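# Fold and contact review
One-letter residues, chain by chain:
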Amino acid sequence: VNTGHKEGLIQGNEDWVSVFLESINHEIFYYIREFKIDNGIEFAPKIEIWVNYYEHNNWQERHDHVAKDNVISFSYLHKSPSDSGNFRFHNPLPNMNSKHFEFLKRYEEIPPLEGSLIMFPSWLEHSVSINKSEEHRISISGNIFFEEWL
């Protein structure tokens, strides 16, 4: 499936990675504490990031970010015009999508709000609906891994 998803760099700032990581550092540690991911042990997070670039009629198919030591994933909506596609979290209980459980949604949608940071467990399947805008949608996404401090 050709979704039009491209990985690339943000132009105009050679050190944009450091600036970006510094700006979300507080939110990462807040997420770790709130959801008790650290389990009382001090960890040094390692972060891999990439840029998603969606043109008109592009989308991101359903996927997850499961990896050996990957715990948290995120997406920062750098440029997200209106109607550029909703971020979708898919119900992790597919067998609950029957007529007996109609009150449960197949997915939860988050409208594109520029400047939003969306953090979620790496195992949670997600997607982005079609970009109906004539403008590009740009997000910075990543995975957070942990190594124990000794």
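Turning our attention to the sheet that holds strand β5 (residues 87-90). One open sheet accounts for 4 strands, arranged β3-β8-β5-β6; its pairing is antiparallel. Every interior strand has two partners, whereas the edge strands, β3 (60-63) and β6 (107-110), have only one. Each strand of the sheet is rotated relative to its neighbour by a mean of 15°, with strand direction disregarded.

Mean pLDDT for the chain: 80, with 75% of residues reaching 70 or above. By mean pLDDT, strand β1 (residues 6-7) is the weakest element of the chain at 44, and strand β8 (residues 126-128) is the strongest at 96. Low pLDDT (under 50) marks residues 1-12, which in the prediction has 26 contacts with non-local residues, meaning those over four places away or in another chain.

Reading the values: the criteria
- Residues numbered from 1 in each chain as written.
- Predicted model: local features only at pLDDT ≥ 70, side-chain atom pairs only at ≥ 80, totals over all residues.
- Heavy atoms only, no water.
- Pairing = 2+ DSSP bridges.
- Helix = DSSP H or I, 4+ residues; strand = E, 2+ residues; numbered from the N terminus.
- Axes fitted to C-alpha atoms, helices over the stretch in contact; angles between N-to-C directions.
- pLDDT = per-residue confidence, 0-100.
- Contact = heavy atoms within 4.5 Å.

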